[in-house]
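# Residue-level structure breakdown
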Amino acid sequence: MTNLPRDPRHDPVLRDEVLAALAIAPGERHVDATFGAGGYTRAMLAAGADVIACDRDPDAIAGGQALVEEAGGKLTLIHGRFSQIDRLLAERGIDAVDGITFDIGVSSMQLDQGERGFSFQKDGPLDMRMAQEGESAADWLNSADEHVIADVLFHYGDERQSRRVARAIVAARPLTRTGELATVIRKALRHPPGAPKDPSTKSFQAIRIHINSELDELMAGLNAAERLLRPGGRLAVVSFHSTEDRIVKNFLRERSGGDAAGSRHRPAPTPLARAATFETPARKVRPGKAEEARNPRARSATLRSAIRTAAPAHSIKEAMSC
Ligand SMILES: C[S@@+](CC[C@H](N)C(=O)[O-])C[C@H]1O[C@@H](n2cnc3c(N)ncnc32)[C@H](O)[C@@H]1O
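Residues numbered from 1 in each chain as written. Predicted model: local features only at pLDDT ≥ 70, side-chain atom pairs only at ≥ 80, totals over all residues.

Regarding its fold elements, the protein chain presents 15 helices and six strands. In summary, the protein chain has a C-alpha radius of gyration of 20 Å against a globular reference of 20 Å for 322 residues, a match within 12%. The principal-axis extent of the C-alpha atoms belonging to the protein chain is close to 55 × 55 × 40 Å. Put simply, the protein chain has 322 residues, and 42% of those count as buried. Pairs at least 24 apart in sequence give 68% of the contacts found in the protein chain among residues at least 6 apart. (Helix = DSSP H or I, 4+ residues; strand = E, 2+ residues; numbered from the N terminus. Rg over C-alpha atoms; globule rule 2.2 N^0.38 Å. Buried ≥ 20, exposed ≤ 12 C-beta atoms within 10 Å, placed from the backbone. Contact = placed C-beta atoms within 7 Å.)

Turning to the sheet that holds strand β6 (residues 302-307), a few remarks are in order. Hydrogen bonds along the backbone pair up the strands of a sheet, which may run parallel or antiparallel. Spatial strand order, β3-β2-β1-β4-β5-β6: six strands in an open sheet with mixed pairing. Edge positions in the sheet fall to β3 (75-79) and β6, since each has one partner strand and no second. The average angle at which neighbouring strand axes cross in this sheet is 15°, direction not considered. Pairing analysis gives four bridges linking strand β1 (residues 29-32) to strand β2 (residues 50-55), with the strands arranged parallel. Within β2, the position partnered with His-30 by the bridge is Val-51. (Pairing = 2+ DSSP bridges. Axes fitted to C-alpha atoms, helices over the stretch in contact; angles between N-to-C directions.)

On to the site of the ligand. Residues in contact with the ligand amount to 21 residues; listed here are only the nearest, Pro-12, Thr-34, Gly-36, Gly-39 and Asp-103. Mapped by element, the contributors of at least two residues to the shell around the ligand are α2 (39-46) and β2. By residue class, the composition of the shell around the ligand is seven nonpolar, eight polar and six charged. (Near = placed C-beta within 6 Å. Nonpolar A, V, L, I, M, F, W, Y, C, P; charged D, E, K, R; others polar.)

Formed by 49 residues in total, the largest nonpolar core has its most connected members in Val-18, Ile-85, Ile-100, Leu-228 and Val-238. Aside from chain neighbours lying at most four places away, what touches Ile-85 is Val-31, Ala-33, Cys-54, Gly-221, Ala-224 and Leu-228. Judged by nonpolar contacts, the second largest core, of 26 residues, contains Val-106, Phe-120, Ala-150 and Leu-153. (Core = buried A, V, L, I, M, F, W, Y, C linked by C-beta atoms within 7 Å.)

What follows concerns the domain arrangement of the protein chain. For the protein chain, the assigned domains are domain 1 (15-108 + 215-321) and domain 2 (132-211). Relative placement of domain 1 and domain 2: their C-alpha centres are 30 Å apart. Between domain 1 and domain 2, the residue contacts involve six residues of the former and five residues of the latter. Across the side of domain 1 that touches domain 2, the residue classes tally to three nonpolar, two polar and one charged. (Domains from an automatic or database assignment.)

Turning our eyes to something else, we now look at helix α11 (residues 200-211). Owing to its 3.6 residues per turn, the α-helix brings residues three or four apart onto one side. For α11, with twelve residues, the first-to-last C-alpha span of 16 Å sits near the 16 Å given by 1.5 Å per residue. Counting buried residues in α11 gives eleven out of twelve residues, a clear majority hidden from the surface. All of the buried residues along α11 are Ser-200, Lys-202, Ser-203, Phe-204, Gln-205, Ala-206, Ile-207, Arg-208, Ile-209, His-210 and Ile-211. Contacts from the buried residues of α11 go to α7 (137-141), α8 (146-157), α9 (162-171), α10 (178-188) and α12 (214-228). Phi for Ser-213, located one or two positions after α11, is positive at around 45°. (Expected span 1.5 Å × (residues − 1).)

Attention now moves to unusual backbone geometry. Cis geometry is found at the peptide bond from Arg-173 to Pro-174, where omega equals 0°. As for its position among the elements, Pro-174 is in the loop between α9 and α10. Phi at Leu-14 is positive, roughly 55°, even though this residue is not glycine. With respect to the helices and strands, the residue Leu-14 is situated in the segment before α1 (15-22). Note on Leu-14: 23 C-beta atoms within 10 Å, which makes it buried. The phi dihedral of Ser-213 is positive, around 45°, even though this residue is not glycine. In this fold, Ser-213 is placed in the loop between α11 and α12.

Turning our attention to the environment of Ser-162. Within the element layout of this structure, Ser-162 appears in helix α9. Judged by the 22 C-beta atoms lying within 10 Å of it, Ser-162 falls in the buried class. When the C-alpha atoms of Ser-162 and Val-152 are compared, they prove to be 8.3 Å apart, with ten residues separating the residues in sequence. Sequence-distant contacts of Ser-162, that is, excluding residues within four places in its chain, are made with Ala-150, Leu-153 and Phe-154.

So this is what it looks like as structure tokens:
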């Protein structure tokens, strides 16, 4: 599998750093929980892994069929949510893997297609559903309470003027197009035309995270990964937003037993009630200057990784109460 060509259309963020964290030995079984355009999957196949890749977007799965053929039996593609990844693998008779990778968020394919409704730069229906089913952004924005919209914009988009934006959205209802929504937000924030950073970026991100329940999915996905990884198995997570990164950081800190020494300002934590399920996580990794210059999307990326211990995973019930 080492001769699979890299796909020139897609340069996945932190690809080499993710591969280093996964330390794939030929013949190992790895999960790519966010297949997208298959950039990481290609790299894993090239390193000699058998790969099971999952995506909730049916278009991503359809687009990956050529790679399934090319990989000659080394790649299985599954349509589904990564919060269910242990169940999806159990249905295929697999209960342990050597590595799991998450590349959280929206793909460039999804952003580039105006008709998917993710982009404030391309007009399209106000949709934003990765799985192409359930409540769309238009359904939600046209019916939600103003204060609920404001909370979503504030918490998931760090939008400081969330109340002002929410008020403008409610006053402009019904909204059906991404172009309309972007115009409403720009007006509400008195954005001078041609100013460098578009102020609708934050709100679009927040609405997308809400519509796709992305933070709940991430938390459930990390717990599913803990259940699936064999002792010594590797977890790698790339995220693009401070709230997502905090979830990953806190999960790994908690499951690895925290910083055992405490600090001058903080008492040493009480000993873990149970054995750590991950070793102390590796230092977080950020893209280098060259990658940031080549790929502006990489600027907000953070990779965190850790190795699974042999301790039993938290049960689904315990994980839900965390
Ligand atoms: C940033 S892209 C991944 C890009 C990929 N690493 C590559 O190299 O092409 C994220 C992908 O994850 C998918 N995704 C997001 N949340 C998901 C979830 N909860 N379950 C399954 N797939 C999800 C999206 O549909 C999208 O295709």
